[in-house]
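Summary of the model geometry
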Amino acid sequence: QFPRACVTAEGLGSAQCCPSPSALESDPCGARSGRGQCVDVRADARAHGPQYPYDGRDDRERWPRRFFTRACRCSGNFGGFDCGGCAHGFTGDACERRVPVVRRNVMQLSAEEKRFFVNALDQAKRTPHPDIVIATRRYAEILGPDNSTTQFQNISIYNLFVWTHYYSVSKTFLGAGQDSFGGVDFSHEGPGFLTWHRYHLLQLERDMQDMLGDPSFALPYWDFAIGGSECDICTDDLMGARSSFDISSISSNSIFSRWRVICESVEEYDTLGTICNSSESSPIRRNPAGNVARPMVQRLPEPQDVAACLELNAFDAPPFYSTSSDSFRNSIEGYSAPQGNYDPAVRSLHNLAHLFLNGTGGQTHLSPNDPIFVLLHTFTDAVFDEWLRRHAPDASVYPLENTPIGHNREFNMVPFWPPVTNAEMFVTAAENLGYSYEAEWPARPLTPTQIVTVAVVTALIAVAIIFAASTCVVRSRAYRTEGRQPLLGDQYQRYDDHNKTQSVV
Ligand SMILES: O=C1C=c2cc(C(=O)O)[nH]c2=CC1=O
Ligand SMILES: [Cu+2]
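Here is a short report on the structure shown in this document. Every value quoted in this text rests on a predicted model; they were computed, and no experiment measured them. (Residues numbered from 1 in each chain as written. Chains lettered and ligands numbered in written order. Predicted model: local features only at pLDDT ≥ 70, side-chain atom pairs only at ≥ 80, totals over all residues. Heavy atoms only, no water.)

So, about the coordination of the copper ion (ligand 2). Each angle at a metal carrying four tetrahedral donors should ideally be 109.5 degrees, and each at a metal carrying six octahedral donors should ideally be 90 or 180 degrees. Around the copper ion (ligand 2), the protein contributes the donor atoms His165 (NE2), His188 (NE2) and His197 (NE2), at 2.2 to 2.3 Å from the metal centre. Taken together, the four donor atoms coordinating the copper ion (ligand 2) span angles of 77 to 157° at the metal, a pattern that classifies the geometry as irregular. Of note, the copper ion (ligand 2) draws all its donor residues from one chain, in the sequence arrangement H-x22-H-x8-H. Judged by relative accessible area, which is 8%, His188 ranks as buried. (Donors = N, O, S within 2.8 Å, 3.2 Å for Na, K, Ca; no water. Tetrahedral: all angles 85-135°; square planar, octahedral: opposite > 155°, others 65-115°. Buried < 20%, exposed > 50% of the residue type's maximum accessible area, 1.4 Å probe, protein only.)

See below:
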């Protein structure tokens, strides 16, 4: 995905993408107005993990230098591919104003707010992106048969969101007649899972703010850690109820029943080496809790699963992959248990929520076609942000190298433009990215030390109460005064204040 202004034959030939902001005449990156500079793109060249065994076979290696080696780097609060806009969380002509973007629980929105959000998503599905176009061929074929008509297409704002996820998970084409290589994933099964999806959401949120002309527009989230087998957001006033005529379709009362998916022709992409384009095909398939062949994906994650994964101290752990244990990232992604142990049979938290949808939303190359994906991932990002707040990791906690290709700290996340690294997203959202969550978290489970402390204190209090009570009983027996007939067999200590003597009565 690149700006339309850059993907001319000359632009690709120069490998430079430094457009002038639309409001400024021939002023690349707004340099003369101090908004930014056209600079060389630095690309991570550090070692990556053994999962991807090739070199020079995939356009996504050292992203984005296969396509462009120079880009705008914006100063201060300026942002965008030409520095004509503002960084996330800022607005105004000089990007001088902070704008509060608060992501709320979708179930707590008013009926009006729910209607607004559903309509905004549908408008994004239908509105062509004003600036960005998508490649429909690999770089080797990007100039087309006549060697001058570059192979890019317009795409809607929401379908761009779907396309970027598909492009990040697509296989490496190895040539006609050869199987494409599927052991590569630039946005899952590694430390970059959380940072990649964070930027993925930020880009959609920003595109929708621009589309709506409202810089404070915020994506809501779906707290999917509610257990049970009910999809509480699968109602016609939200993401669409189940059709009464087909358990795997969306009710015709929901606008989402009229959506059509993109990126479905994987067979073609893998055998011909083409890339998903913006043509739409079939309806969204969704059958929550309906996968009877896999009972474990018929229930949603539990609140305590979120509490447990937030307690994991390590952000990630070698081999920084879907097989890692004691990794917060692998637990929230859902390849290891919420308590941290890796088990190939486990699917928890984010992965379980995807698989629970049992349809379009559970197929990695298609999943964002189901708009529930947005709400599922804003919640996943909210848990990520809560972990960052609680553990306050240093930037060096994010692995520098030897992670699966695309997941190193300084790797520019594929296929975003302008280039943005995993490191730039490994920060708390409110202080650095201009948005926050309105969320409550399950009570933190007590640590073993806290459990022992509570037990000792409780025991001490109990002893003190028993001691006080027994002393009280003794005292009350000794000093019980007139006004009460002694019971047969009662023995009292009488203390004669006057003569200072004590006797038994
Ligand atoms: O869209 C996705 C679908 C997924 C399925 C799994 C799984 O664990 O089998 N994980 C997924 C992640 C996705 O993003
Ligand atoms: Cu995903």
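The step from Val414 to Pro415 runs through a cis peptide bond, and the omega angle for that step is 0°. One can find Pro415 in the loop between helix 9 (372-391) and helix 10 (422-425). One non-glycine residue, Ala392, adopts positive backbone phi at about 40°. Along the polypeptide, Ala392 turns up in the loop between helix 9 and helix 10. Take Ala392: its relative accessible area is 61%, and that puts it in the exposed class. (Helix = DSSP H or I, 4+ residues; strand = E, 2+ residues; numbered from the N terminus.)

Under the definition given, this model contains one cavity of 30 Å³ or more. Space inside the largest cavity adds up to approximately 30 Å³. Along the walls of the largest cavity sit Phe193, Leu194, His197, Arg198, His377, Thr380 and Asp381, which together make up its complete lining. Looking at the lining of the largest cavity, the elements with two or more residues in it are helix 4 (192-212) and helix 9. (1 Å grid on protein atoms, 1.4 Å probe; cavity = no way out; pocket = protein on both sides within 12 Å on 5 of 7 lines; lining within 4 Å. Points joined across faces, edges and corners; volume = space filled by probe spheres on them.)

The subject of this paragraph is the nonpolar core. Counting residues in hydrophobic clusters, the biggest one holds 109 residues, and the most contacted among them are Tyr158, Trp163, Ile233 and Phe328. Among the elements that take part in this core, helix 9 stands out by supplying eleven residues, more than any other. Setting aside residues no more than four positions away along its own chain, Tyr158 makes contact with Leu121, Ala124, Lys125, Leu204, Trp259, Pro368, Asp370, Pro371 and Val374. (Core = buried A, V, L, I, M, F, W, Y, C linked by side-chain atoms within 4.5 Å. Contact = heavy atoms within 4.5 Å.)

This paragraph deals with the layout of surface pockets. Put simply, the second largest pocket is a space of about 830 Å³. What lines the second largest pocket is a set of 49 residues, among which Arg60, Val169, Ser170, Lys171 and Val184 lie closest to the centre.

Function-wise, these values are silent; they only describe arrangement.
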